[in-house]
Amino acid sequence: MTIDWIHFTPWLSLGGGILLGLASAAFILFNGRILGISGILAGLLSPRSGDVGWRIAFVLGIAAAPFVSALVLPADLIAASRIEAGYASIAIAGLLVGFGTRYGSGCTSGHGVCGLSRLSPRSLVATLTFMTLGFFMVYVIRHAI
Amino acid sequence: MKHRISEFLVGLLFGLGLILSGMTDPSKVIGFLDIFGLWDPSLALVMGGAIAVGFFAFALAKKRTVNFLGGALHLPTSSQIDKPLVIGAVLFGAGWGLAGFCPGPALVSLASGQIKAAAFVVFMLAGMQLFEMLGRRATSAQ
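All residue numbers refer to position in the chain's written sequence, counted from 1. Here chains are named by letter from A upward and ligands by number from 1 upward, in the order in which they appear as written. Selection of residues for local features in this predicted model requires a pLDDT of at least 70, selection of side-chain atom pairs for listing and counting requires 80 or more, and totals for whole chains, interfaces and linings are taken over all residues.

Q: I keep staring at the confidence of the model for chain B and nothing clicks. Help me out?
A: Atom-level detail of predicted coordinates should not be read off regions where pLDDT is low. Residues and elements named next belong to chain B. Per-residue confidence from the predictor is reported as pLDDT, which spans 0 to 100. On average, residues of chain B score 94 in pLDDT, and 95% of them reach the 70 mark or higher. Strands here mean DSSP runs of E at least two residues long; helices mean DSSP runs of H or I at least four residues long; both are numbered from the N terminus. Within chain B, the element-level pLDDT minimum falls on helix 6 (residues 115-141), averaging 88, and the maximum on helix 3 (residues 42-62), averaging 98. The ipTM assigned to the predicted complex is 0.96, against a pTM of 0.95.

Set out below in structure tokens:
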């Protein structure tokens, strides 16, 4: 293992992480809900009456983020988004992420942030599992083939 | 309306956190997952920062029966570590490592007009829908 010092952004990442924590805190304390993106999205695919408005409001907030960040964050702070995967990989990855997050009841936000914050053993197992698979896939793609 | 505005603002704050932290850059995510190559540890700090705040919020939430606005407080009740949890996390982790996108950052990148992110979100929603259909069939077969 060699540390990639050039791309390492400790303060921005810590600051961004604190914002994610504050958002998750506000969501459980003021709205009474776990901030889990995959669960929020899935509820829009099979909508139940009275359970749709808050999901749409939240998703619109996420969608507004790039526009607000362009106004409030200095441009040189924001990492340009580089997508190395081709369309075939994107399609397979999308299906795996969609199906897997529903089957496993959560993703990086619901299990990784909220679940670990509330010391849930279920979320700890899920997080260790998806991180291990992430390490494995990148190892295979970058170093084994 | 008050609730809708607070949910919108929380979504916005979360999206800004994803952008600032570097999570919306798939190559940075893959740099973090590349522990056997040139490793960028940044995203460990994202997780650490988020949990440092979240820990206190959930400790407080566990002691309450209603939220600060007087409404219901939905904390998960399931504690069983079962096969669906692990298999689901395996599939999700494989997809995450393959493209460098998880659901939140993919939505932000879709909103900023990136075609590949849009394609990812379409297939992700298809994967979720596929689970709904298979799940419903499994339940009705019982």
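Q: Whenever I open this one, the packing of helix 4 (residues 87-103) of chain A against helix 4 (residues 83-99) of chain B confuses me. Can you help?
A: Close contact between helix 4 of chain A and helix 4 of chain B brings their axes to 7 Å; oriented N to C, the two are set at 155°. With respect to each other, helix 4 of chain A and helix 4 of chain B are oriented roughly antiparallel. Considering the relative orientation of helix 4 of chain A and helix 4 of chain B, their crossing is left-handed. Residues Ser89, Ile90, Ile92, Ala93, Leu96, Val97, Phe99, Gly100, Thr101 and Tyr103 of chain A of helix 4 of chain A pack against Pro84, Ile87, Gly88, Ala89, Leu91, Phe92, Ala94, Gly95, Trp96, Leu98 and Ala99 of chain B of helix 4 of chain B. Think of it as three bins: nonpolar holds Ala, Val, Leu, Ile, Met, Phe, Trp, Tyr, Cys and Pro, charged holds Asp, Glu, Lys and Arg, and polar takes everything else, Gly as well. Each residue belonging to the contact of helix 4 of chain A with helix 4 of chain B can be placed in one class, and the counts come to 16 nonpolar, five polar and no charged. Interaxial angle, 0 to 180 degrees, is taken between N-to-C directions of lines fitted to C-alpha atoms, where a helix line uses only the stretch in contact. When an angle is under 35 degrees it counts as roughly parallel; over 145 it counts as roughly antiparallel; between 65 and 115 it counts as roughly perpendicular; any other value is oblique. When the near helix sits turned anticlockwise from the far one by under a right angle, the crossing is termed left-handed; a clockwise turn instead gives a right-handed crossing. In this description, any two residues whose backbone-derived C-beta atoms lie within 7 Å of each other are considered to be in contact.

Q: Would you take a moment to explain the interface of chain B and chain A for this structure?
A: How big an interface is tends to be reported as the loss of accessible area on association of its parts. With 104 residues of chain B in contact, the opposing surface of chain A contributes 106 residues. Looking at the side of chain B that touches chain A, the elements that each hand over two or more residues are helix 1 (2-21), helix 2 (26-33), strand 1 (38-39), helix 3, helix 4, helix 5 (103-111) and helix 6 of chain B. Its residues assigned to classes, the side of chain B that touches chain A shows 65 nonpolar, 31 polar and eight charged.

Q: Sorry if this is basic, but what is going on with the nonpolar core here?
A: A general trend in soluble globular proteins is that nonpolar side chains are found buried together. Residues Ala93 of chain A together with Ala106, Leu107 and Phe120 of chain B are the most contacted members of the largest nonpolar core, which totals 85 residues. Leaving out residues up to four positions away in the same chain, Ala93 of chain A has contacts with Ala85 of chain A together with Gly95, Leu98, Ala99, Phe101 and Phe120 of chain B. Structurally, a nonpolar core is described as a collection of buried Ala, Val, Leu, Ile, Met, Phe, Trp, Tyr and Cys residues joined by way of C-beta atoms within 7 Å. As a rule, residues whose C-beta atom has 12 or fewer other C-beta atoms within 10 Å are exposed, those with 20 or more are buried, and those in between are partly exposed; C-beta atoms are placed from the backbone.

Q: Quick question: what am I supposed to make of the packing of helix 5 (residues 108-117) of chain A against helix 3 of chain B here?
A: What describes two packed helices is the angle between their axes and the distance between those same axes. Two numbers describe how helix 5 of chain A lies on helix 3 of chain B: the axes approach to 7 Å, and their chain directions differ by 45°. With respect to helix 3 of chain B, the element helix 5 of chain A is oriented oblique. In terms of crossing hand, the pair formed by helix 5 of chain A and helix 3 of chain B is right-handed. Taken together, the residues of helix 3 of chain B that come into contact with helix 5 of chain A (itself represented by Gly112, Val113, Cys114, Leu116 and Ser117 of chain A) are Met47, Ala50, Ile51, Gly54, Phe55, Ala57 and Phe58 of chain B. Taken together, the residues of the contact of helix 5 of chain A with helix 3 of chain B sort by class into nine nonpolar, three polar and no charged.

Q: Could you clarify how one ought to interpret helix 1 of chain B in this entry?
A: Since one α-helical turn is 3.6 residues long, residues separated by three or four positions face the same way. Residues and elements named next belong to chain B. To estimate the expected span of a helix, count its residues, drop one, and scale the result by 1.5 Å. Compared with an ideal rise of 1.5 Å per residue, which puts 20 residues at 28 Å, helix 1 spans 29 Å between its outermost C-alpha atoms and is within 8% of the ideal. Among the 20 residues of helix 1, 14 are classified as buried, and the element is accordingly described as predominantly covered. Phi for Gly22, located one or two positions after helix 1, is positive at around 100°.

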